[in-house]
Amino acid sequence: MTDFKMPSLGADMEAGTLVEWRKKPGDLLQPGDIIAEVDTQKGLIEIEVFEGGILDKYLIEVGDKVPVGTPMASLRPEGTTGVPAKEVKEQVHPIQEKEKPEEAQATEHSEKVNIPSKEKLSEEKSFKDKPSEETSSEEKLSEEKHRIKISPLARTIAEKNRLDLSGITGTGEGGAIIKADVEKAMAAKKEEKHEETLEKKIEEQVPERPVKEQKTTEPAAAGISPQESIRKAVAAAMSLSNREIPHYYLEKRIDMLKALTWLKETNQQREISARLMPAVLFIKAVAKAIDSAPALNAVWENGLQLKNEINIGFVVSLRSGGILVPAIKNADLKSTDEIMISLNDIIPRARAMRLRSSELSESTITLTSLGENGADKVFGVIYPPQVAIVGFGSIIDEPVVQKGMLAFRPVVHVTLAGDHRATDGLTGSRFLEALNNHLQNPETL
Amino acid sequence: MENQKNIEPQKAADLLYQMLLMRKFEEKSAELYTKEKIRGFLHLYIGEEAVATGVIQTLKPEDYILGTYREHAHALARGVDAGAIMAEMYGKQEGCSRGRGGSMHLFDKEKNFFGGNAIVSGHLPMATGMALASKKLKKGNITVCFFGEGAAAEGEFHEALNLASLWKVPVLFVCENNLYAMGTALRYSHSMQELEKKGQAYGIESAAVDGMDLLRVMEAATKAVDLVRSTGNPYLLVCNTYRFRAHSMFDAELYRDKAEVEEWKKRDPIPQFREYLLKENLINEEQIGEMEERLKQEIQKAVDFAEAGTWEPEEDLGKFVYTQNSAS
Amino acid sequence: MSEMIKITYREALKAGIREALTNDERVFLMGEDVGRYGGAFAVSKGLLQEFGEDRVMDVPLSESGFVGAGIGASLAGMKPIVEVMTVNFGLLPMDQIVNNAATMLHMSGGQINVPVVIRMSCGIGKQLAAQHSHSWEPLFAHIPGLVVLSVGTHEDARGMLHTALEHPDPVIIFEYTSMLNREAEIPADAGPMDISLAKVRREGKDISIITYGIGVHKSMEAAEKLAEQGIDAEVIDLRVLRPLDEKCFLESVVKTHRALLVEEAWGSINVSSEVSARIMEKAFFDLDAPVKRLGGVEVPIPYPLHLENASVPQVDDIVNAVIKILRP
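## What to know about the overall build of chain A
The secondary structure content of chain A amounts to eleven helices and 19 strands. The buried share of chain A, taken over its 445 residues, is 33%. Long-range contacts, defined as pairs at least 24 residues apart, comprise 61% of the intrachain contacts of chain A with a sequence gap of at least 6.

Structure, rendered in C-alpha cells:
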C-alpha cells in the first residue's frame, strides 16, 4: 500500500486545494494518468501519478486544502484487494483531525488551511511592540547623556592602563575623549603620583599649607560644599601671604598695537575654535621674560629655591566666587597654539572644579589677567610659596607720545608684585622690560 | 513522415533510443520534482525531442553547443552522462556542474557543452563570440546556439545576428519555436511570425522546418550545418515545435486550450518515428521492448547515481567565484 | 634607478594596448570607433593602421552584442580587450557582464572561466550632464566573479592591462577621461603592474585618506596643502575595487587611527560604504575618530560648471574634512 501525496509543483507552492477527483476507488491507474485536479495560487492544475496501481481510498475530500506532501489517496498494487473496512476507518489523517474543530467554528468551511499565517502573527506582534520600543529608545537617549564619549582607541588605551575616564575632558569630535586626551591624563597621573609623595613630605613640614585643601578631586570635608572649601582655602592662602610675604609693587604700561594686529591677522586664518586670545600672548611673554629674571620663578621655602620648569599659574575666577590657579606647565616650551589648547582645557575644568591636585600645586609663578572690561590695573597678592605674581589689566586705548606726536594706542598696564625676601625692584624691573620687548615682537612668541 | 529510405537500421534504433531516453528521463525528473528531490525551476522538453536529436546528431565533437534553461535533452544528445545530469538536478557535487547550476545550468566542457543559459537570449552574443574565436583561430569548428522564439523578441537576438552576419562567423542559430514564451503565444509576442525572415533581414541564410518530424529536422540541420561549416557564414534554422508539458512545473496552463495540446500530441515525434521505423522494417517490436528495458535501467542507474551523490561541504561555498580559489 | 619619461595618461594607456597586441596574437581590441575614428578619446589612434582590422575591430552600436561576443570569444581561446566607450553605456551590456561573465565559472562548477578584459572610460568633467557623467564603479564592484580595477595613476595606465589579460577571470578596467591629457613621469621601462593590491601613494601618520581613480590626485593635492598646516596625511589608492585589498587600508588606519574616504560616486552604497564597514568590523578599536566619507552629491550630475564641480568632492573639501576630523 502506498500513499499518493500532494505533489510539490514549485518551490513557491505550499499547499493545494482538491477540486476534483478524476479517478475513483477501485480504478486501475497507469503512470501518467491524471488522478485529480488541484487548485493552487496559480490556478487549476491536473496532477498525475508516476506509479501504477489501484486507487484504494481517498484520504482527503474535495474542498480540502492540504500542504505539499500530505497523503491524498492510498494506492494498492494491482491484483490485490482492498483493506478491511475496519482498518480504513482507523486510518484518519492527522491534518484532517486537526482541521475538524476549526471547521466547526468556521461559518464558511471551504477554503481553510491549517497553516498559521506567519505574516499576520508578526504584524500583530510588531504593532504591539511599538510603544514599548519607543520607551526603551527614550531610555537609551537619556542614558546617552550620561555616557562618556570616547573613541574606541582611547577606550582601549584607558582600559589597559586602568584609567578613570570621569576626570578626562575630551577634545575630539563632540567632546569625545581621544587618544591624545588619554595620554595626557596618563602623563598627569604619573606626575601626580610623584608629586603626591613629594607633597606629603612638604606637608609634614608645612602643615597649614593651603594648596592641599584646594584639591578638588578629593571629596570636600563633611558638610562643606566645594565652593565653601575653596573660599576657605583662598582665605587661608591670602592671609598667609599677607602675613608673611613682604610685597613690593612695580608697574609698566605696554603698547599692545603690534600684538593685537598680529593676533587679528593670525586669527583671520583660523577656525573660530582655534583662534588665540590675548591671554595666550601674556602667558608666553611672561614665560619668556623669566629668562631675564629667573629669581622670580621660584618658591620661598627655607630660603629661595629657583625652579627649572616654568609653570605659570593662571588665575581662574569661579562664577560662584573664589579662584583656582591651575598651572600651564612648561609654558616656555609650548607654542602659542599649545597654550591656547591648554587654556581651553583647564578653564572649563577649573570652572567645573575638575582639576587634578598636581595642576593646582605645581605653579612656579602666577599670572592674573582681568580680560576685557575689567579694571585698568591689578596689584596681585603673591600665592605662597611663590615669590611673584604678574597682573594684566584690561587693554584700553590711551594717548601715547610717539616721536613727539600724540597718538591713541591700545595699552595694557602690567604690574608685578614681588616677594621682597626673594628679589628686589631691579629684578622686577628687568622682568617687566623683557616682557615689554616680547610683546612688541608677537610673531616670535 | 518524410519518406527517407537511406537511414541505417542501427542509426535508426539509436535515434529512437535517444528520443525515448530524453522523454523517460524527463518524466522521471518530473516525478522526482514532485517528491522534492529536484527543486528550483524544472523546464521539460517533452514534445520537442526531435529538434535537439535531429540537430545535435549532425555535429562533430569539437563543435560548440549553447542551450537554454530547457536543455536536459540537448545535454543527453551531446553525450553528457545521464547520471551526472540527474546528480546536477539533485544539487550533488557529482553533478555535471558540481551541483552549482541545477537543471538550468548544465555544463560539460569536455563535451563542448556550454550550458544551460537561463537569461532568455543572453547566450546568443556569446555564441557569436565563440564563432568569432573559431574563425580567428582557424579552428574549423562551428557553434550551435539553441533558443526559443521568445528570445527572438529580445534585443540581444538582433545584436547577435547582426554581428554574426557582419563578421561572417560560423554559427548556427536554432530557434525552437514552441509557440509559447512562457504563457505568451507567438501572435502576442511577434509582429511578424515567420521567424526565419528575421534572419534574412540580416542577410543570414534561413529556413523553417517541421520540428515534430525527426527526419525533416535531420535533413534541414544537415544542410544548415554543412553550409555553416563550408562557408563559415551564420545560418538561422527555425524548428516549429510544441511543448506538451507546462512551461515549468508550477504552471496551470491558463493560456492554452487542452484541446490544442491534445491536437499537437497526435503529432508526438516519438510514436511518429517509431511507427515509421516499424513500417519500414527498420526495427521490430521485440527490439523496442529490449530498448525500453535498457532505458529503464539507464534511468534507474542515473537516479541511483544522484541518490548516492554527496553534498558539497559548506566550507567550499566560496569556490568557483574566481579561478584562483577554485581548485577542487 | 631607471630613467624617467614624461607621458600623458592617454599615451600610457595606448602603450599598454599596443604592447598587448604586439605580444600575443590572441589579443584583439574591439569597441565602438576604436579603429577608423581612432577611439572616442584617441586612445587607440593609429592602432588599426598598425595591426589591421582583424586585431582592431570597429563594432556597431550594440554593447550587449559585442560585450557578449567578447565573453564568447574568451571562452573559445581568444584574449579580447572589449572597449565600452564610456561607463554611461555600461548598463546595456550589464546583463552580459553580470549574468554571463561573472557567473559562468561558478555555474559550471569551475569548468569554464571567462578571461575577458572590458575597458570603460568614466568620471565626471567637461560639463556632459546627467547621462554622460556617471561614476558607476560601485555598481560593478558589487558583483562577485568580477575583478574591478580603477586606473588612478600613469603607471597603472601603462601596466594594468598586461596583468588583466593574464587573469583567468573577467576584469573590468575603469579609466578616467579627465586624466587623459595629464602628464606625469613614469620609468622609461615601466611594465606590468599587479592587479591585486591597494597602494600607499603618500605616507603619513595623522590620517588615512582612502580613495581611488581621480580621487587619488585630488587627495594627493589635498595632502600637500594639509602638510603646510602641519597635518601629515597618508593617501591610499585602492586600485582594485573588487576584490578589495583590505589589508592595505586596515594597516594604514591602525597606524593613523583616522580615516577619510573619498570618491566621486554617489554617496550612499558606494565603495566607501564597504571600506568604512570593513574598518568598523576589523579596526574599530584602533579608531580615534569616526570614519568620514566624502562622496558624490546624490543628484543627476547637472550641466553648469559650478554645479558640476559642486557635485563631487574637490581638493578643498578634502582639506576641510581632514581638518575637521583632526581639530574638531
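Back to the write-up after that little detour.
## Digging into the overall build of chain C
A tally of regular secondary structure across chain C gives twelve helices and 14 strands. The 328 residues of chain C split such that 57% are buried. Expressed as a percentage of contacts within chain C between residues at least 6 apart in sequence, the contacts between residues at least 24 apart total 79%.

## Some details on unusual backbone geometry
The step from Gly115(B) to Gly116(B) runs through a cis peptide bond, and the omega angle for that step is 20°. Looking at the secondary structure, you find Gly116(B) in strand β3 (residues 113-116). Although it is not a glycine, Arg162(A) sits at a positive phi angle of roughly 45°. With respect to the element layout, Arg162(A) can be found in the loop between α4 (152-160) and α5 (179-205). Residue His257(C) is not a glycine yet carries a positive backbone phi of 70°. Within the secondary structure, His257(C) sits in the loop between α9 (246-256) and β13 (259-266).

## Considerations on the nonpolar core
Core analysis: the largest hydrophobic core is formed by 228 residues, its most contacted members being Leu172(B), Leu237(B), Leu149(C), Leu260(C) and Val322(C). Residues in contact with Leu237(B), not counting those within four places in the same chain, are Leu172(B), Val174(B), Ala207(B), Val209(B), Ala220(B), Ala221(B) and Ala224(B). Of all hydrophobic cores here, the second largest spans 58 residues; its members include Ile245(A), Val325(A), Leu360(A) and Val412(A).

## Here we look at helix α9 (residues 336-351) of chain A
All names here are of chain A. Compared with an ideal rise of 1.5 Å per residue, which puts 16 residues at 22 Å, α9 spans 22 Å between its outermost C-alpha atoms and is within 8% of the ideal. Among all positions in α9, only Ile339, Met340, Ser342, Ile346, Arg349 and Ala350 are buried. Phi turns positive one or two residues past the end of α9, at methionine 353, with a value near 55°.

## Points about the confidence of the model for chain C
Averaged over all residues, the pLDDT of chain C equals 96, while 100% of them reach at least 70. Overall fold confidence (pTM) sits at 0.70, and the ipTM for the predicted complex is 0.92.

## What to know about the interface of chain B and chain C
Between chain B and chain C, the residue contacts involve 38 residues of the former and 33 residues of the latter. Sorting the residues of the side of chain B that touches chain C by element identifies β3, α5 (124-136) and α6 (155-167) of chain B as the ones contributing at least two each. In terms of residue count, α5(B) provides more of the side of chain B that touches chain C than any other element does, ten residues in total.

## Remarks on the sheet that holds strand β6 (residues 53-58) of chain A
Strand order in the open sheet formed by four strands is β1-β8-β6-β3 (chain A), and the pairing between neighbours is antiparallel. Strands at the two margins of the open sheet, each flanked by one partner only, are β1 (2-5) and β3 (28-29) of chain A.

## Digging into the packing of α5(B) against helix α3 (residues 63-75) of chain C
It is at 6 Å that the axes of α5(B) and α3(C) come closest, and there the two elements cross at 50°. Here α5(B) lies oblique to α3(C), going by the angle between them. Relative to α3(C), α5(B) is oriented so that their crossing is right-handed. Each of Pro125(B), Met126(B), Ala127(B), Thr128(B), Gly129(B), Met130(B), Leu132(B) and Ala133(B) in α5(B) lies in contact with α3(C), whose residues at this interface are Ser64(C), Gly65(C), Gly68(C), Ala69(C), Gly70(C), Ile71(C), Gly72(C), Ala73(C) and Leu75(C).

## Examining the pairing of strand β7 (residues 171-176) of chain C
All names here are of chain C. The buried fraction of β7 is high, at six of six residues. The side-chain alternation of β7 yields two buried faces, one formed by Val171, Ile173 and Glu175 and the other by Ile172, Phe174 and Tyr176. Here six bridges tie strand β5 (residues 117-122) to β7, and the two strands are oriented parallel to one another. The residue of β7 that forms the bridge with serine 121 is glutamate 175. Pairing between strand β6 (residues 147-150) and β7: four bridges, direction parallel. Bridge assignment links leucine 149 to a residue of β7, and that residue is isoleucine 173. In this view, the connection linking β6 to its parallel neighbour β7 by way of helix α7 (residues 154-166) has right-handed handedness.

## A look at the interface of chain B and chain A
Taken together, the contacts link ten residues of chain B with 13 residues of chain A. Partitioned by chemical class, the residues of the side of chain B that touches chain A number four nonpolar, two polar and four charged.

## Considering the sheet that holds β13(C)
All names here are of chain C. The sheet built from five strands is open, its strands ordered β9-β11-β10-β13-β14 with mixed pairing. The open sheet has two edge strands, β9 (199-202) and β14 (292-296), and neither has a second partner. Each strand of the sheet is rotated relative to its neighbour by a mean of 25°, with strand direction disregarded. Taken together, the three bridges between strand β10 (residues 207-211) and β13 define a ladder with parallel strand orientation. Paired with serine 208 across the strands is alanine 259, a residue of β13. This element, helix α8 (residues 214-228), spans β9, β10, β11 (233-237) and β13 of the sheet and lies at about 170° to β11.

## Notes on the environment of Trp262(A)
Residues and elements named next belong to chain A. Relative to the helices and strands, tryptophan 262 is located in helix α7 (residues 257-268). Overall, the presence of 17 C-beta atoms within 10 Å leaves tryptophan 262 in the partly exposed class. Each C-alpha atom of the pair tryptophan 262 and asparagine 441 lies 9.2 Å from the other, and the pair is 179 residues apart in sequence. Once residues within four sequence positions are removed from consideration, tryptophan 262 is found in contact with Pro442 and Glu443.

## Examining the packing of helix α1 (residues 9-34) of chain B against helix α2 (residues 49-56) of chain B
Two numbers describe a pair of packed helices, the interaxial angle and the distance between the axes. Residue and element names in this part refer to chain B. With their axes 10 Å apart at the nearest point, α1 and α2 run at an angle of 135° to one another. One finds that α1 runs oblique with respect to α2. Along this stretch, α1 crosses α2, giving a crossing that reads as right-handed. Taken together, the residues of α2 that come into contact with α1 (itself represented by Leu15, Gln18, Met19, Met22 and Arg23) are Glu49, Ala50 and Thr53.

## Regarding the environment of Ala42(C)
Residue and element names in this part refer to chain C. With respect to the element layout, alanine 42 can be found in the loop between β2 (27-31) and α2 (47-51). A count of 12 C-beta atoms within 10 Å places alanine 42 in the exposed class. Remark: the alpha-carbon pair of alanine 42 and glutamate 11, spanning 31 residues in sequence, is separated by 9.5 Å.

## Here's the deal with the environment of Asn112(B)
All names here are of chain B. Relative to the helices and strands, asparagine 112 resides in the loop between β2 (107-108) and β3. Along the backbone, asparagine 112 and isoleucine 65 are 47 residues apart, and their C-alpha atoms lie at a distance of 6.3 Å. Sequence-distant contacts of asparagine 112, defined by excluding residues within four places in its chain, comprise Pro61, Glu62, Asp63, Tyr64 and Ile65.

## A short note on α8(C)
All names here are of chain C. Here α8 is 15 residues long and its end C-alpha atoms lie 22 Å apart, about the 21 Å a rise of 1.5 Å per residue gives. Here α8 has its buried residues at Ile214, Gly215, Val216, His217, Lys218, Ser219, Met220, Ala222, Ala223 and Leu226. Count one or two residues on from α8 and you reach glycine 230, which has phi positive near 85°.

## Notes on the pairing of β11(C)
Residues and elements named next belong to chain C. Among the five residues that make up β11, five are buried, leaving the element largely enclosed by the rest of the structure. Of the two faces of β11, the one lined by Ala233, Val235 and Asp237 and the one lined by Glu234 and Ile236 are each fully buried. In the sheet, β9 pairs with β11 via three bridges, with the strands oriented antiparallel. In the sheet register, arginine 202 faces β11, and the bridge partner there is valine 235.

## Describing the confidence of the model for chain A
Residue and element names in this part refer to chain A. For chain A, mean pLDDT is 78; residues scoring 70 or higher make up 77% of the total. Low pLDDT, under 50, characterises residues 84-144; the stretch is placed with 27 contacts to residues that sit more than four places away or in other chains. Of the regions scoring below 50 in pLDDT, residues 198-221 engages in 30 contacts with residues more than four places distant in sequence or in other chains.

The rules behind the values
Residues numbered from 1 in each chain as written. Chains lettered and ligands numbered in written order. Predicted model: local features only at pLDDT ≥ 70, side-chain atom pairs only at ≥ 80, totals over all residues. Helix = DSSP H or I, 4+ residues; strand = E, 2+ residues; numbered from the N terminus. Buried ≥ 20, exposed ≤ 12 C-beta atoms within 10 Å, placed from the backbone. Contact = placed C-beta atoms within 7 Å. Core = buried A, V, L, I, M, F, W, Y, C linked by C-beta atoms within 7 Å. Expected span 1.5 Å × (residues − 1). pLDDT = per-residue confidence, 0-100. Pairing = 2+ DSSP bridges. Axes fitted to C-alpha atoms, helices over the stretch in contact; angles between N-to-C directions. Parallel < 35°, antiparallel > 145°, perpendicular 65-115°, else oblique. Left-handed = near helix turned anticlockwise from the far one by under 90°. Right-handed = clockwise from strand over helix to strand, strands pointing away. Nonpolar A, V, L, I, M, F, W, Y, C, P; charged D, E, K, R; others polar.

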